[in-house]
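# Structure at a glance
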Amino acid sequence: MRWPPRQSEFEFELATCAWAESEWPPGPERRPALIARQLGWQQRRWDTIVLEVDPEGLERRAQFGTDRLNSDLRHVLRNAPADWTYYRDALPDPGYPWRYVREAIHEATDRNALESRKTGGRIEIRRIARYPNWVERIVAIENKPDLDASAARRLSEQLERDVAAGLADEVWLATARTDDPVEPALLERIPTEVGILSLGESGVDVLWQPRSLDADRPGIDILERPGDGTHDRSAARFDVLDVETKREKRFNIAERAYERGWRNYVESMRPDCAHFEIKQGRYGYQPYCTAFDRSQTPAECRGACEHFQPEPPRERQGGWPVSGGAGNAIRTVLDDRRERRRQSVSNTSTSERGTDSR
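A quick note: this is a predicted structure, and the numbers were derived from the prediction, not measured.

What follows concerns a nonpolar patch on the surface. A surface patch of nonpolar side chains, about 270 Å² in accessible area, is lined by I220, F238 and V240. Its place among the elements puts F238 in strand β11 (residues 237–241).

Take a look at the structure:
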């Protein structure tokens, strides 16, 4: 299978994710990292997200389960006391109605992330563990295998928004190597703060190193720009992102990334189709359709596809061969790979961080 695949941005995105999971960052050094895709904030989604993590912090995060923890839950878990205490005495004022805090307490208790009890009609809480600062850096990668002039222009605006917001610690553009002399001219449109990765058969090269962004300072979220016309004097619209807002958005992104990983594409496709397969690529599995004889996209792989062929009933019933047909087996394989990745990063020795796993 050619690497990186270029028939669609979806294929290229999965290839970038698989490479990053295996070899992040580019170069000889390795850092513990979790990879996710298609996450962001408001109307901005990043194609690939690299969470550089503290392995010990990630191990403590695992105590709270694999589902995401929203900001309400994190507020409770960060401040829950070591000994039984009335929840309104234990927790700082959240700045929103206390009934939402009580809902978060009940949810955290149901998920075995917190202990709670009623004493004299009052809810008391006690922590199981304190929510850790497990994320060291967030790296955003925009994937564009075919970088033509119009794509470079659109990307430039999107990447400028990423740089101005400063929610990520680094921003990269990943593109397919073409050896075309026009390529450097198109890359000149990209903001200088953005790093550039070139993916080709021989591996991944860094064409431009990114500038580190300051996630601990306020940022600007550019919502709307004036048009390109010389007579357009309309003002740009933007929001100021204060430090606390950025902190919460970063943890929201990290929690969603922790829950989903990058293999969740199977949730929007039809692995229960008789034509659906996953094939081992250079760095990881890629979805493959035997009807098209190529990798497919989520937009193509759905029940309305003219080639869709459900698995035979005997393979979908009665737990065949163990717990369902081939579609369930594919989901199990991908879920297992996601969980193994979380565990392998958690087990990385902090004294050998970025090298081997115990």
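Picking up after the structure, the text goes on.
A word on the sheet that holds strand β4 (residues 114–119). Judged by pairing direction, the sheet is antiparallel, and its 3 strands sit side by side in the order β3-β5-β4 without closing on themselves. Two strands close off the open sheet at either side, each with one partner strand: β3 (85–86) and β4. Pairing between β3 and strand β5 (residues 122–127): 2 bridges, direction antiparallel. Note that in β5 the partner of T85 across the bridge is I125.

Helix length check: helix α5 (residues 98–110), at 13 residues, gives a terminal C-alpha distance of 19 Å against a target of 18 Å (1.5 Å per residue), a fit within 8%. Taken together, the buried positions of α5 are W98, V101, A104, I105 and A108. Buried residues of α5, seen end-on, are gathered within an arc of 105° and therefore sit on one face of the element. Residues of α5 that are buried make contact with α3 (71–79), α4 (87–90), β4 and β5. N112 occupies a position one or two residues after α5 and carries a positive phi of about 60°.

Following W24, the chain continues to P25 via a peptide bond in cis, the omega torsion being -5°. In this fold, P25 is placed in the loop between α1 (9–23) and β1 (33–41). Backbone geometry at Q42 places phi at a positive 50°, although glycine is not the residue there. With phi around 60°, D293 is a residue other than glycine that occupies positive phi space. For D293, the position within the fold is in the loop between β13 (285–289) and α9 (313–316).

Here is what the cut-offs are and how they apply
Residues numbered from 1 in each chain as written. Predicted model: local features only at pLDDT ≥ 70, side-chain atom pairs only at ≥ 80, totals over all residues. Heavy atoms only, no water. Patch = residues over 30% accessible without salt bridge, like charges linked within 9 Å, V, L, I, M, F, W, Y side chains within 5 Å. Areas by Shrake-Rupley, 256 points an atom, 1.4 Å probe, with all protein chains shown as cover. Salt bridge = Lys/Arg side-chain N within 4 Å of Asp/Glu carboxyl O. Helix = DSSP H or I, 4+ residues; strand = E, 2+ residues; numbered from the N terminus. Pairing = 2+ DSSP bridges. Expected span 1.5 Å × (residues − 1). Buried < 20%, exposed > 50% of the residue type's maximum accessible area, 1.4 Å probe, protein only. Arc of directions from axis to C-beta. Contact = heavy atoms within 4.5 Å.

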